[in-house]
Amino acid sequence: MTQTTRTAPATRAAQPPHEEPAIRFRHAAKSFGAVRAVAGIDLDVRRGETVALLGRNGAGKSTAISLLLGLDEPDAGSVRLFGESPDRAVRAGRIGAMLQEGRAVPRITVRELIGFVARTYPAPMPVAEALELAGLTELAGRRIDRLSGGQAQRVRFAVALAGNPELIVLDEPTAALDVEARRAFWESMRGYARRGNTVLFSTHYLEEADAHADRIVVLDAGRIVADGTGEQLRRAAGGSLVSVDLAGRPTEGLGELPGVVCVEVRGDRARLRTEDPDATVVALAGLGAVRGIEVTAPSLDDAFLALTGSRTGTGSHVDTGSHIGAGTDTDTHADTLSAGSAR
Ligand SMILES: Nc1ncnc2c1ncn2[C@@H]1O[C@H](COP(=O)(O)OP(=O)(O)OP(=O)(O)O)[C@@H](O)[C@H]1O
């Protein structure tokens, strides 16, 4: 491979309207036997955007990323990066990736490793710059096998930066990191994005998607079920939540109150999702059911559960935590909201 060096641009220009997007999926599909891991997705990511790919275990995030990096070929449809094939874009150093697996090489220093990786690219980022962006300047002389988990993750980020990519793809970059390491990681990522680069990251963490992405794309059962900002997703989830202490009252008829679209009972409390919280509260008052009444706007968790069709009703099995992790006891109804409905 040619080893000429050019100075990395401090920032990249915003995408002119005629330019190809950084990422373009067109009807892209990939199955493994009977499993449709990616079931025909259409997605454009503009240059300079930071996009989160959100979904539960098995939603298809890693498969979509593999298609994007050319590690897997789609069975149907296409994936283009900056208007070219993933393979070409990756070889040209336009794409950097940080995947879930990947073990650090022992016995060499952080600086040596990044230098080594940088030399394999045609137009790498200066090593000192990659180290600085990844927050590794102080650790440049440290041996790779003597780093903490959070520091090792930063090295992987620097490896992804080494080719001076315009797009970086991160598959669950903060899994297993503690709060401080996460904060440091996102700071580095934002530093890279601020230069006008494009970022696509997958995550199970709703709050990370909301805090660090311009746009959230929700995948479920291989399909895009929503695409928009955190705020748009919350709105798409529809309605506020009115909860009230039942105080032994029967639950019959709650579903017919004005505005109510669904009722969930947890112990002695009823949670009513409503499109008209004022009318619902007035109707509850008419029934004399006002003990412990609370009205809350939908959270991103609520939105996620609604968008991915997660089962609600009895409530006891609904994961309302902000980490959509393994073992979430949910059903899949990918057609709850159609792709792009949150936009
Ligand atoms: N190489 C493979 N062979 C067979 N099935 C696979 C393969 N890779 C993925 N799958 C299946 O495809 C579906 C999507 O998996 P994928 O890893 O893309 O999901 P994910 O959203 O990244 O999940 P996670 O959050 O657990 O990493 C799953 O049902 C998975 O079991």
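None of these values were measured; they are calculated from a predicted model.

## Things to note about the packing of helix α5 (residues 149-161) against helix α6 (residues 179-194)
Running from N to C, α5 and α6 point in directions that differ by 15°, and their axes come no closer than 10 Å. With respect to α6, the axis of α5 lies roughly parallel. Crossing of α5 over α6 shows right-handed handedness. Facing α5, whose interface residues are Gly-150, Gln-153, Arg-154, Phe-157 and Leu-161, α6 presents Ala-181, Ala-184, Phe-185, Ser-188 and Tyr-192. Considering only residue class, the contact of α5 with α6 consists of six nonpolar, three polar and one charged.

## What to know about the sheet that holds strand β8 (residues 215-220)
Read across the sheet, six strands follow the order β5-β6-β7-β3-β8-β9 without closing on themselves; strand pairing throughout is mixed. What marks the edges here is a single partner per strand, and that holds for β5 (95-98) and β9 (223-228). Ignoring strand direction, the axes of neighbouring strands in this sheet form an average angle of 15°. Most of the contacts of helix α1 (residues 61-68) go to strand β6 (residues 167-171), to which it runs at about 150°, and overall it touches β3 (50-54), β6, β7 (198-203) and β8.

## Quick word on the site of the ligand
Around the ligand sit Phe-32, Val-35, Ala-37, Gly-55, Asn-57, Gly-58, Ala-59, Gly-60, Lys-61, Ser-62 and Thr-63, and that is every residue in its neighbourhood. Contributing elements (two or more residues each) for the shell around the ligand: β2 (35-45) and α1. Looking at side-chain class alone, the shell around the ligand contains four nonpolar, six polar and one charged residues.

## What about the domain arrangement of the protein chain?
We note that the domain assignment places domain 1 (23-228) and domain 2 (238-307) within the protein chain. Summarising the inter-unit geometry, the C-alpha centres of domain 1 and domain 2 are found 41 Å apart. Taken together, the contacts link five residues of domain 1 with four residues of domain 2. Elements with a minimum of two residues in the side of domain 1 that touches domain 2: α7 (206-212) and β9. A per-class count over the side of domain 1 that touches domain 2 returns four nonpolar, no polar and one charged.

## What about the environment of Tyr-121?
Along the chain, Tyr-121 falls in the loop between α3 (110-118) and α4 (127-133). Linking Tyr-121 and Gly-163, residues 42 residues apart in sequence, is a C-alpha distance of 5.4 Å. Among all residues touching Tyr-121, those that are not within four sequence positions of it are Gly-93, Ala-162 and Gly-163.

Rules used throughout
Residues numbered from 1 in each chain as written. Predicted model: local features only at pLDDT ≥ 70, side-chain atom pairs only at ≥ 80, totals over all residues. Axes fitted to C-alpha atoms, helices over the stretch in contact; angles between N-to-C directions. Helix = DSSP H or I, 4+ residues; strand = E, 2+ residues; numbered from the N terminus. Parallel < 35°, antiparallel > 145°, perpendicular 65-115°, else oblique. Left-handed = near helix turned anticlockwise from the far one by under 90°. Contact = placed C-beta atoms within 7 Å. Nonpolar A, V, L, I, M, F, W, Y, C, P; charged D, E, K, R; others polar. Pairing = 2+ DSSP bridges. Near = placed C-beta within 6 Å. Domains from an automatic or database assignment.

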